[in-house]
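# Tertiary structure, described
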Amino acid sequence: MQKRLEKLHALRERGVDPYPPRFYPSHSILQVKEGFSSLAPEEKSGKTVTVAGRLVAMRRMGRAAFLDLRDGTGKIQVHASLDALGEEDYSGLCDSDIGDFLGITGEVFRTRRGELTISTAQWKLLSKSLRPLPEKWHGLKDVELRYRHRALDLIANEEVREAFTRRSRMIAAIRRYLDDNGFLEVETPMMQPLAGGATARPFVTHHNALDIDLYLRVAPELYLKRLVVGGLERVYELAKNFRNEGVSTTHNPEFTTLEIYQAYSDYEGMMTLAENLVAEGVKAATGSITVQYQGSEIDFSAPWRRISLIGAVEEESGIRITGSSAEQIVEQARDKGIDLSGLSRGKMIEHLFDRFVEPTLIQPTIVKDYPIEISPLAKMKAGEEGIVERFELFIGGMEIANAFSELNDPLDQRERFEAQERLRSAGDEEAQRVDEDFLFALEHGLPPTGGIGFGVDRLAMLVTDARSIRDVILFPALRNRGK
């Protein structure tokens, strides 16, 4: 780094600006490769191009040198010679460091060995790199360094750049599908007076001017449903949520979700929407609706498998849920070495599902019909006591989406909020609060509505074969260096 600083000072002493304000390439590297792909070995194009990019390799051979230049679209070889540039320009170019950004102007030709190359007629330093790239920059592996310094990760690992490109293509396709099907993209508050819409522990902040505490939202649900009340019958929001929870391979405290609400639909309609929407995103990202994920081939073709939550738990765990009291479920679990004491009946079922069923759900699977105790915002299922019209989508052994036939009875909703408040008073910090503003809107009438929320980061894991959610979030949460 000291040597690079000395070069920087020497450049300035010679009147060279090492950080010029602008440069205008005529072509991207990909455009050069595509536009001159027909050149035969040793053939000159007779055409001049100007490209810009980062210097990633240099091979000096006396009076000539070969450089590799890379921009956001690809890499190309550059040839420089003492005869063509003159001694000052040639030595200046050869004195460049790996990592510097250069602008190159010259004729495109193909070498005897078939390598498409630009013959340098002029060059310009665009940005002096003061730090060397990591050793073996072409294969940076240190996980801590990769996450903390994502710029280096993107420089060093082509597969990382491709992963985030896939994520972007997936999100763009999802937006197109929703826009083309009459959905309106909206924005709702990130800071809310109550943390509602999901059972989660929130982050708290303080607004000085208003002198009130606010919560970073755990979900946009209660605001989006107000919009349906107001007549926006198909809405979606693709944005960040924040939950003050642990970090794992599938959890990050700041994460991206897609929430969708459609009037005159229900959870069955959301199943069909999920099948179509996810397939569109996967195909745009990968070119196929079949992907490899952590050693398994996953087929996103519709229709997806549908199973009941309680039936799946009984089958995989061997514990009888139907017709059993909470005490009987606890006793059966204890015989298998599992302690469920202190949990509600719904939480017991959820715990057993997480343990026995979820890891087995590799192919897209819709798990439906959940206990009311763990579903305070979903409509009751007719003819099934204590069961609501809710489903979760599982792919690759992890939850991808959560959907309801939305509860639109304001009296029932108030009772459920009050039940959640009692859980909070008993020590459950994730239980929801009574949201009077939401109830006020609901009391004006919410039409029959289906709603679904997707974990966008987990979808990105599937299309990039990522083992950890940190691999698909550009800047994941990390401990401070000292800790």
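Details of the structure are given in the entry above.
So, a few notes on the structure that sits alongside this text.

Conventions and cut-offs
- Residues numbered from 1 in each chain as written.
- Predicted model: local features only at pLDDT ≥ 70, side-chain atom pairs only at ≥ 80, totals over all residues.
- Heavy atoms only, no water.
- Helix = DSSP H or I, 4+ residues; strand = E, 2+ residues; numbered from the N terminus.
- Buried < 20%, exposed > 50% of the residue type's maximum accessible area, 1.4 Å probe, protein only.
- Contact = heavy atoms within 4.5 Å.
- Phe/Tyr/Trp six-rings, centres within 6.5 Å; stacked < 30°, edge-to-face > 60°.
- Lys NZ or Arg CZ within 6 Å of the ring centre and 35° of its normal.
- Axes fitted to C-alpha atoms, helices over the stretch in contact; angles between N-to-C directions.
- Parallel < 35°, antiparallel > 145°, perpendicular 65-115°, else oblique.
- Left-handed = near helix turned anticlockwise from the far one by under 90°.
- Nonpolar A, V, L, I, M, F, W, Y, C, P; charged D, E, K, R; others polar.
- Pairing = 2+ DSSP bridges.
- Salt bridge = Lys/Arg side-chain N within 4 Å of Asp/Glu carboxyl O.
- Expected span 1.5 Å × (residues − 1).

## Details of the overall build of the protein
Along the backbone of the protein there are 15 helices and 18 strands. Taking the principal axes of the C-alpha coordinates as reference, the protein spans close to 90 × 55 × 50 Å. Of all 483 residues assigned to the protein, the portion counted as buried reaches 48%. Counting contacts in the protein only where the partners sit at least 6 residues apart, residues at least 24 apart contribute 64% of the total.

## Describing the packing of aromatic side chains
One pass over the full model with this rule turns up 2 aromatic pairs. A ring pair is formed by Phe-353 and Phe-394, whose centres lie 5.0 Å apart and whose planes are at 55°; its orientation type is tilted. Of the two residues, Phe-353 sits in helix H12 (residues 345-357) while Phe-394 sits in strand S16 (residues 387-395), which places them 41 residues apart along the sequence. Comparing Phe-353 with Phe-394 shows no difference in burial state: the two are buried. Their ring planes at 70° and their centres at 6.3 Å tell us that Phe-417 and Phe-438 sit as a pair that is edge-to-face. In this pair, Phe-417 is assigned in helix H13 (residues 410-425) and Phe-438 in helix H14 (residues 436-442), connecting sequence segments 21 residues apart. On the basis of relative accessible area, Phe-417 is assigned to the buried category, the value being 0%. Judged by its relative accessible area of 1%, Phe-438 falls in the buried class. Positioned above the aromatic ring of Tyr-223 is the side chain of Arg-226, whose terminal nitrogen or guanidinium carbon lies 4.2 Å from the ring centre. Above the plane of the ring of Phe-183 lies Arg-234, whose end atom (NZ or CZ) is 5.2 Å from the centre.

## Let's talk about the packing of helix H7 (residues 158-180) against helix H9 (residues 267-286)
Interhelical geometry of H7 versus H9 gives an angle of 140° and a closest axis separation of 7 Å. Between H7 and H9, the crossing angle belongs to the class labelled oblique. In this structure, H7 meets H9 at a crossing whose hand is right-handed. Residues Arg-166, Arg-169, Met-170, Ala-173, Ile-174, Arg-176, Tyr-177 and Leu-178 of H7 touch H9, and the partners they reach there are Leu-273, Asn-276, Leu-277, Glu-280, Gly-281, Ala-284, Ala-285 and Thr-286. Classifying every residue of the contact of H7 with H9 by side-chain character gives 9 nonpolar, 3 polar and 4 charged.

## Some details on the sheet that holds strand S5 (residues 116-127)
Taken together, 5 strands build a closed barrel; the order of strands is S1-S2-S3-S5-S4 and the barrel is mixed. Neighbour to neighbour, the strand axes of the sheet diverge by 55° on average, direction disregarded. Where strand S3 (residues 74-81) and S5 come together, 3 bridges link them in parallel fashion. By the bridge assignment for S5, His-79 is matched with Ser-119.

## Quick notes on the sheet that holds strand S7 (residues 191-192)
Strand pairing in a sheet takes place through backbone hydrogen bonds and is either antiparallel or parallel in direction. Within the open sheet, the 3 strands sit side by side as S7-S9-S8. Their pairing is antiparallel. Strands at the two margins of the open sheet, each flanked by one partner only, are S7 and strand S8 (203-207). Where S8 meets strand S9 (residues 212-216), 5 bridges bridge the pair, whose relative direction is antiparallel. From the neighbouring strand, Val-204 faces S9, where its bridge partner is Tyr-215.

## Examining the pattern of salt bridges
The tally for this structure, following the rule as stated, stands at 26 salt bridges. Here Glu-350 ties to Lys-347 by a salt bridge, and the two come within 3.6 Å at their closest N and O atoms. With a gap of 3 residues between them, Glu-350 and Lys-347 both fall in helix H12, about one helical turn apart. For Asp-369, the salt bridge is made with Lys-381, and the minimal N-O distance between the two is 2.7 Å. Taken as a pair, Asp-369 in strand S15 (residues 365-371) and Lys-381 in the loop between S15 and S16 lie far apart in primary sequence, 12 residues in all. Here Asp-369 falls in the buried class, since its relative accessible area comes to 8%. According to the relative accessible area criterion, Lys-381 is buried, its value standing at 18%. Among the charged side chains, a salt-bridge network with shared partners connects Lys-7, Asp-95, Asp-97, Asp-100 and Lys-128.

## A word on H7
The terminal C-alpha atoms of H7, which comprises 23 residues, lie 33 Å apart, in line with the 33 Å expected from a rise of 1.5 Å per residue. Along H7, the residues classified as buried are Val-160, Ala-163, Phe-164, Arg-167, Met-170, Ile-171, Ala-173, Ile-174, Tyr-177 and Leu-178. For H7, the secondary structure elements touched by its buried residues are helix H5 (143-148), helix H6 (150-156), strand S10 (234-242), strand S11 (254-263), H9 and helix H15 (456-464). Gly-182 occupies a position one or two residues after H7 and carries a positive phi of about 85°.

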